[in-house]
Amino acid sequence: MSAQEEILSVAQIVPVTEAEGPGRRFALWFQGCPLRCPGCCNPEMLSFEGGQAIPLSRIVHQLDEAKTQGIEGITLLGGEPTAHASGAAALARSARQRGLSVMVFSGFTLAELLHRHEAAIDELLSLTDILVDGPYDPTQPDSTRRWIGSRNQQIHFLTQRYHFDESWKQSNTLEIRLIDGILTVNGFPSRSAVGLWKRPKPRRSLPLANSSDS
Ligand code: SF4
């Protein structure tokens, strides 16, 4: 590991998924988001504490393994990828060098991101094929565009590589994996099930010694 190597703050990686954008993709969720959209699907990824600090080279190694399983690109989510722009851009660069496409979900709008004039964000955008932007709004659930949470969010095709084809009009899917005792869930559940498996169990008050169930 070189002294300058990027260390990414990672909440979750799913090396091969079909539930986070077109085709098979390597999906990485960053740990930490400055926004607080009501109804956020990933509340455990909001804090900048926690997650795993993973060197870029290790992630790229996983990416190379995933490439042998036919992925066509990477998807960066969170958390908020642009709050980790330097690491996100470095990973996007590695993906592009391997001929892979790059899709990014951001809670900020494209206009907001451009207005910031931050070099790392600008670089990430320059390496991005598809940007889905804007905060999640639970009052505007999107049932017509696959992979998109709410109707206010816009899809920006920043290169010629993709366009709005039939794949965007299919039903959403949910993927559940249990690997080495670790459960991962990704994709889009039905609205009523959003966050169900991540919700902290309600605290049960202990019965008083002499109390009886009524
Ligand atoms: S931007 Fe995404 S991760 Fe951040 S609060 Fe909104 S929905 Fe949650």
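Residues numbered from 1 in each chain as written. Predicted model: local features only at pLDDT ≥ 70, side-chain atom pairs only at ≥ 80, totals over all residues.

Brief notes about the nonpolar core
Working step 1: Core analysis: the biggest nonpolar cluster contains 46 residues, and I74, L91, A92 and L124 have the highest contact counts within it.
Working step 2: Contributing elements (two or more residues each) for this core: β1 (7-17), β2 (25-30), α1 (56-67), β4 (73-77), α2 (85-97), β5 (101-105), α4 (119-126) and β6 (130-133).
Working step 3: For this core, the element with the highest residue contribution is α2, accounting for seven residues.
Working step 4: Dropping the residues within four chain positions of it, L124 is found in contact with T82, A85, A88, A89, A92 and V104. (Core = buried A, V, L, I, M, F, W, Y, C linked by C-beta atoms within 7 Å. Buried ≥ 20, exposed ≤ 12 C-beta atoms within 10 Å, placed from the backbone. Helix = DSSP H or I, 4+ residues; strand = E, 2+ residues; numbered from the N terminus. Contact = placed C-beta atoms within 7 Å.)

Some words on the confidence of the model for the chain
Working step 1: Looking at the chain as a whole, its pLDDT mean stands at 88, while 86% of the residues score no less than 70.
Working step 2: Here residues 199-214 is a poorly scored stretch, pLDDT under 50, and it has zero contacts once near neighbours within four places are set aside; other chains count. (pLDDT = per-residue confidence, 0-100.)

Side note on the site of the ligand
Working step 1: Taken together, 14 residues sit near the ligand, with C33, C37, C40, G107 and Y136 positioned nearest.
Working step 2: For the shell around the ligand, the residue count by class is eight nonpolar, four polar and two charged. (Near = placed C-beta within 6 Å. Nonpolar A, V, L, I, M, F, W, Y, C, P; charged D, E, K, R; others polar.)

Some remarks on the sheet that holds β5
Working step 1: Judged by pairing direction, the sheet is mixed, and its seven strands sit side by side in the order β3-β1-β2-β4-β5-β6-β7 without closing on themselves. Here the strands that pair on one side only, and so sit at the sheet edges, are β3 (52-55) and β7 (154-157). The mean inter-strand angle of the sheet, taken between neighbouring strand axes irrespective of direction, is 30°.
Working step 2: One ladder, built from five bridges, connects β2 with β4; its direction is parallel. Of the residues in β4, the one forming a bridge with L28 is L76.
Working step 3: Across the sheet, α1 is in contact with β1, β2, β3 and β4; its angle to β1 comes to roughly 5°.
Working step 4: Along the sheet, α2 contacts β1, β4 and β5; its crossing angle with β4, the most-contacted strand, is approximately 170°. (Pairing = 2+ DSSP bridges. Axes fitted to C-alpha atoms, helices over the stretch in contact; angles between N-to-C directions.)

Quick look at the packing of α2 against α4
Working step 1: Viewed as axis vectors pointing N to C, α2 and α4 meet at an angle of 30°, and their least axial separation amounts to 8 Å. Overall, the two elements α2 and α4 adopt an arrangement that is roughly parallel. Once α2 is placed against α4, the crossing between them reads as left-handed. In this structure, α2 uses A85, S86, A88, A89 and A92 to contact α4, whose residues at the interface are A120, I121, E123 and L124.
Working step 2: Taken together, the residues of the contact of α2 with α4 break down into seven nonpolar, one polar and one charged. (Parallel < 35°, antiparallel > 145°, perpendicular 65-115°, else oblique. Left-handed = near helix turned anticlockwise from the far one by under 90°.)

Topic: α4
Working step 1: Within the span of α4, buried status applies to I121, L124 and L125. One face of α4 carries all of its buried residues, which in axial projection span an arc of 100°. (Arc of directions from axis to C-beta.)

Regarding unusual backbone geometry
Working step 1: Note that the residue after G78, namely G79, is joined by a cis bond; omega there is 15°.
Working step 2: Residues other than glycine seldom take positive phi values, yet H117 does so here, at roughly 50°.
Working step 3: When you line up the elements, H117 lands in the loop between α3 (110-115) and α4.
Working step 4: The backbone phi angle of W147 is positive, close to 75°, even though this residue is not glycine.

Structural notes on the environment of F30
Working step 1: Relative to the assigned elements, F30 resides in strand β2.
Working step 2: Classification of F30 as buried rests on a count of 25 C-beta atoms within 10 Å.
Working step 3: Each residue touching F30, except ones within four places of it in the same chain, is listed here: S9, V10, A11, G78, G79, E80, P81 and H84.

Points about the pairing of β2
Working step 1: Taken across its six residues, β2 has six buried, putting it largely inside the fold.
Working step 2: The alternating pattern of β2 places R25, A27 and W29 and F26, L28 and F30 on opposite faces, both of which are buried.
Working step 3: In terms of strand pairing, β1 meets β2 through five bridges, oriented antiparallel. By the bridge assignment, V14 is partnered in β2 with A27.

Here's the deal with the packing of α1 against α2
Packed helix pairs are specified by the crossing angle of their axes together with the interaxial distance, meaning the distance between the axes.
Working step 1: In the contact formed by α1 and α2, the axes pass within 11 Å of each other and the chain directions differ by 35°. Note that α1 runs across α2; the crossing there is right-handed. Contact residues: α1 offers L56, I59, V60 and L63, while α2 offers G87, A90, L91, S94 and A95.
Working step 2: Here the residues of the contact of α1 with α2 sort into seven nonpolar, two polar and no charged.

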